[in-house]
There are 2 protein chains.
Amino acid sequence: MILDSETKAVELPDDHGTELRLWLRLLTCTTLIEGEVRSRLREKFDVTLPRFDLMAQLDKVSDGMTLSDLSKRMMVSNGNVTGLVERLVESGHLDRRTSETDRRVQFIRLTKLGRAEFRKMAAEHEKWIADIFGDLSPKDIRELMRLLAKAKGSAQRSAKARNA
Amino acid sequence: MILDSETKAVELPDDHGTELRLWLRLLTCTTLIEGEVRSRLREKFDVTLPRFDLMAQLDKVSDGMTLSDLSKRMMVSNGNVTGLVERLVESGHLDRRTSETDRRVQFIRLTKLGRAEFRKMAAEHEKWIADIFGDLSPKDIRELMRLLAKAKGSAQRSAKARNA
DNA sequence: TGCAATTTCTTTATACTTCAAGCAATTGGC
DNA sequence: GCCAATTGCTTGAAGTATAAAGAAATTGCA
């Protein structure tokens, strides 16, 4: 701790300790919840988190999505999605058909089975999440939403600047 | 939207949409930052995030840590740590020796090389994080810290209840 | 039209990750 | 002192993840 001439605590010019601690806390918090959700999904439905996430993306649309869309929305690599989709088609949860106007493109959809199973899981999942955040007041939630939005914007600005 | 008899908006008894949206935002935010940090580590130092994280744990102590300690602190499985440590010993960053009082236990330490390289990376890393959160005011950071601590506590309570 | 750039997706190599099973060492009753 | 339970770690199988290279199709523009 550094004290100035009037014995008040001051920061070193580039002490970025608070940001680092914030990042570690954010990461811990997310990892903790993610692990919990992963366990419950495996335990109750014998499904992995990546598969659940992929199905969640597809459940939001009725007419299917391309692999590229999926990888963008899930923020994972293209090749990763290829493999996930492959296994979910194999298990009968997804359905793929090639675009008629652009033969590079594959539209991926949930099958009836896939959608039915997903809906069942999603209903439980939503309750788990509500319980996991159960100690937070509506005001806490609003504040967190606001601050995380700000953090996201800041991170995007930083990432963009690096790639410019 | 549901309206009651006096035409005021009311919630369905178990609509947990806000918690779910909070979780998705938290996850997005973390994934975004994690991806950014991962890219930069690879680009500047040709190191993976898990290796960096493991070295960060070891840098906090002078006399080494056991594999179990590492896996608890990193919140990953035991087998995962075994592999990570193996590769880092191989590359000369870590050092392992068996406990003399309990031959099951292995103490893992950073080598001189490992510590030197880590310190260099950590200094850069701290600046990246500061930049990534650069749009947040000190007050924003304090608030986020507080709310994330509360969220973490809530998640732990929920996880504990499930395993009871 | 021609053809270079781009886009979409797959493949490959390598690494990370979990879970579950298993081995060896230690501990805690009795 | 014995032995069942526990602890620390490793292994193996399956799955998830990235980056990089490549194949196929489309687009854009001279």
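Refer to the preceding data block for the structure.
In this report, we go over the structure that sits alongside the text.

About the cut-offs
One numbering rule holds for all chains: residues counted from 1, following each sequence as written. A letter from A marks each chain and a number from 1 marks each ligand, given out in the order of writing. Only residues with pLDDT of 70 or above have their local features reported here, since the model is predicted, and side-chain atom pairs are shown and tallied only from 80 upward, although totals for entire chains, interfaces and linings are computed over all residues. To obtain the side-chain values, all non-hydrogen atoms of the structure were used and water was disregarded. Residues are classed as near a molecule or strand on a simple rule: at least one heavy atom within 4 Å of it. Comment: elements are numbered from the N terminus, with helices defined as DSSP H or I runs of at least four residues and strands as E runs of at least two. Any residue that is not Ala, Val, Leu, Ile, Met, Phe, Trp, Tyr, Cys, Pro, Asp, Glu, Lys or Arg is counted as polar, Gly included; the first ten are nonpolar and the last four charged. The criterion for strand pairing is that DSSP finds at least two bridges linking the strands in question. The contact criterion used throughout is that any non-hydrogen atoms of two residues lie within 4.5 Å. Orientation is described by axes fitted as lines to C-alpha atoms, over the contacting stretch for helices, and by angles from 0 to 180 degrees between their N-to-C directions. What gets called buried area is simply the loss in accessible area from a 1.4 Å probe that two parts show on being joined, summed for both. For this document, the term salt bridge refers to a Lys or Arg side-chain nitrogen within 4 Å of an Asp or Glu carboxyl oxygen.

Here's the deal with the protein's contact with DNA strand C
At step 1: Taken together, 25 residues form the shell around DNA strand C, and within it Arg104 and Gln106 of chain A together with Thr48, Ser77 and Arg87 of chain B come nearest.
At step 2: Per the 4 Å cut-off to the protein, sugar and phosphate atoms form 78% of the nearby atoms of DNA strand C.
At step 3: At the level of elements, α3 (67–74) and α4 (78–90) of chain A together with α2 (49–59) and α4 (78–90) of chain B are the ones that each hand at least two residues to the surface near DNA strand C.
At step 4: A per-element tally of the surface near DNA strand C places α4 of chain B first, with four residues.
At step 5: Tallied by class, residues from the surface near DNA strand C come to six nonpolar, eleven polar and eight charged.

Some points on the sheet that holds strand β5 (residues 106–110) of chain B
Residues and elements named next belong to chain B.
At step 1: One open sheet accounts for three strands, arranged β3-β5-β4; its pairing is antiparallel. Since the sheet does not close on itself, it has two edges, and those belong to β3 (65–66) and β4 (94–98), each with one partner.
At step 2: Here β4 runs beside β5; their pairing, made up of five bridges, is antiparallel. Residue arginine 97 lies in a different strand from β5, and its bridge partner there is phenylalanine 107.
At step 3: Helix-sheet contacts for α4 involve β4 and β5, and the interaxial angle to β4 is about 115°.

Here's the deal with the interface of chain B and chain A
At step 1: If you look at the interface, chain B gives 54 residues, while chain A gives 55 residues.
At step 2: Each partner contributes to the roughly 5,900 Å² buried at the junction of chain B and chain A, and carbon and sulfur atoms together form 71% of this total.
At step 3: Together, Leu22, Trp23 and Arg162 of chain B form the three largest contributors to the area buried by chain B at its contact with chain A, with a combined 12%.
At step 4: Here chain B and chain A share ten salt bridges between them.

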